[in-house]
Amino acid sequence: MTPQPPEPSPRRVPSGELRASHDEREAVVEQLRDAAAEGRIDFDELDARVEQALTSKTRAELAALTADLPTPHSSEGRPPLVLKGGVFGASVGPGRWEVPGRVIAHGDVGGVKVDFTRVECRLAEVAVEAYGETAGVTIVIPDGWAADTSGMDPGLGGLKDETTPGRLPGTPLIRLTGSGGMGGVVIRHPNRRERRKLSSNPPAD
């Protein structure tokens with residue numbers, strides 16, 4: 001019996017040849033706009049690079065557009081923010097705070113509220129692990145942000161997703177996982193009272 005030649009191993013595609021995603025294109029566009037605002041590139045060059053970014057097919061093509069620009073500060077490498085709702089509860093926001101790539105919220109006995117309404121976040125995604133436990137977790141995101149709750153276990157307390165599906169370019173996706181526990185998890189946009197506070201006290205530049 002004639003031995004069969006071994007099957008050729010599949011070619012490993014270099015990272016730069018991988019296809020670019022919508023989020024990666026949007027991140028490059030945002031970096032280019034920041035560079036123009038800082039005076040690093042002029043507005044004609046901004047328009048040309050943005051057009052190229054939106055039509056780029058690979059990561060290498062995107063990388064070439066920002067190769068001469070400084071690397072933006074990233075929160076992805078920061079340790080996760082962990083919140084635990086003790087007797088008096090816990091919260092972060094609505095003031096400005098630096099958003100890491102991952103937030104972990106334990107409702108415990110006092111509840112937790114995570115409010116993103118005043119933050120400036122340039123991450124394409126923020127992973128939020130929410131565990132309702134006894135008192136629940138509430139997550140508030142600005143209008144124009146979107147959430148993916150498909151990885152969430154509603155538990156006994158349930159998951160209430162009151163967000164709208166429309167997502168504005170350049171805004172992060174909140175990828176929600178965890179369990180509702182007994183207290184449940186709510187993710188929503190600002191309510192009327194919160195909107196009044198935002199309008200009466202706009203964030204300082």
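Preceding this section is the structure that the text describes.
Below, the structure is looked at part by part. (Residues numbered from 1 in each chain as written. Predicted model: local features only at pLDDT ≥ 70, side-chain atom pairs only at ≥ 80, totals over all residues. Heavy atoms only, no water.)

This part takes up the environment of Leu173. Checked against the element boundaries, Leu173 lands in strand E9 (residues 173-179). Assessed through its relative accessible area of 12%, Leu173 is described here as buried. Sequence-distant contacts of Leu173, that is, excluding residues within four places in its chain, are made with Ala124, Glu125, Val126, Ala146, Ala147, Asp148 and Arg167. (Helix = DSSP H or I, 4+ residues; strand = E, 2+ residues; numbered from the N terminus. Buried < 20%, exposed > 50% of the residue type's maximum accessible area, 1.4 Å probe, protein only. Contact = heavy atoms within 4.5 Å.)

Within the span of helix H3 (residues 59-66), buried status applies to Leu62, Leu65 and Thr66. Around the axis of H3, the buried residues are gathered within 90° of arc, so they sit on the same side. Where H3 is buried, its residues meet helix H1 (22-37) and helix H2 (43-55). (Arc of directions from axis to C-beta.)

Moving on: the pairing of strand E6 (residues 137-140). In terms of strand pairing, strand E4 (residues 112-115) meets E6 through 4 bridges, oriented parallel. For Lys113, the partnering residue across the bridge sits in E6 and is Thr138. As defined by bridge partners, E6 adjoins strand E10 (residues 185-188) across 4 bridges and the pair is classed as parallel. Opposite Val140, over in E10, you have Arg188 as the bridge partner. (Pairing = 2+ DSSP bridges.)

This paragraph deals with a negative patch on the surface. A surface patch of like charges, here negative, comprises Asp42, Asp44, Asp47 and Glu51. Mapped onto the elements, Asp42 comes out in the loop between H1 and H2. (Patch = residues over 30% accessible without salt bridge, like charges linked within 9 Å, V, L, I, M, F, W, Y side chains within 5 Å. Areas by Shrake-Rupley, 256 points an atom, 1.4 Å probe, with all protein chains shown as cover. Salt bridge = Lys/Arg side-chain N within 4 Å of Asp/Glu carboxyl O. Lys, Arg positive; Asp, Glu negative; His and termini not counted. Charge placed at Lys NZ, Arg CZ, Asp CG, Glu CD.)

This paragraph deals with the side chain of Thr117. Relative to the helices and strands, Thr117 is located in the loop between E4 and strand E5 (125-131). Engagement of the side chain of Thr117 in a polar contact is seen with the side chain of Asp115, the distance being 2.6 Å. Once you skip the residues sitting within four places of it in the chain, Thr117 turns out to touch Pro94, Val140, Ile141, Pro142, Pro190 and Leu198. (Polar contact = N/O pair within 3.5 Å; in protein donor to acceptor, adjacent residues only side chain to side chain.)

Our focus in this paragraph is the nonpolar core. Among the nonpolar cores identified, the biggest contains 24 residues, and Val114, Phe116, Val126, Val128, Ile139, Ile174 and Leu176 are the most heavily contacted of them. Residue assignment for this core shows that the elements contributing at least two residues are strand E3 (102-106), E4, E5, E6, E9 and E10. It is E5 that contributes the most residues to this core, 3 residues altogether. The contact partners of Ile139, leaving out residues within four places of it in the chain, are Val114, Phe116, Val128, Ala130, Leu176, Val185, Val186, Ile187 and Arg188. Counting residues in each nonpolar core, the second largest holds 13 residues, with Ala20, Val29, Ala53 and Leu65 among its members. (Core = buried A, V, L, I, M, F, W, Y, C linked by side-chain atoms within 4.5 Å.)

A cluster of basic residues, Arg192, Arg193, Arg196 and Lys197, forms a positive patch at the surface. Tracing the backbone shows Arg192 in helix H4 (residues 192-200). You can call Arg192 exposed: its relative accessible area is 72%.

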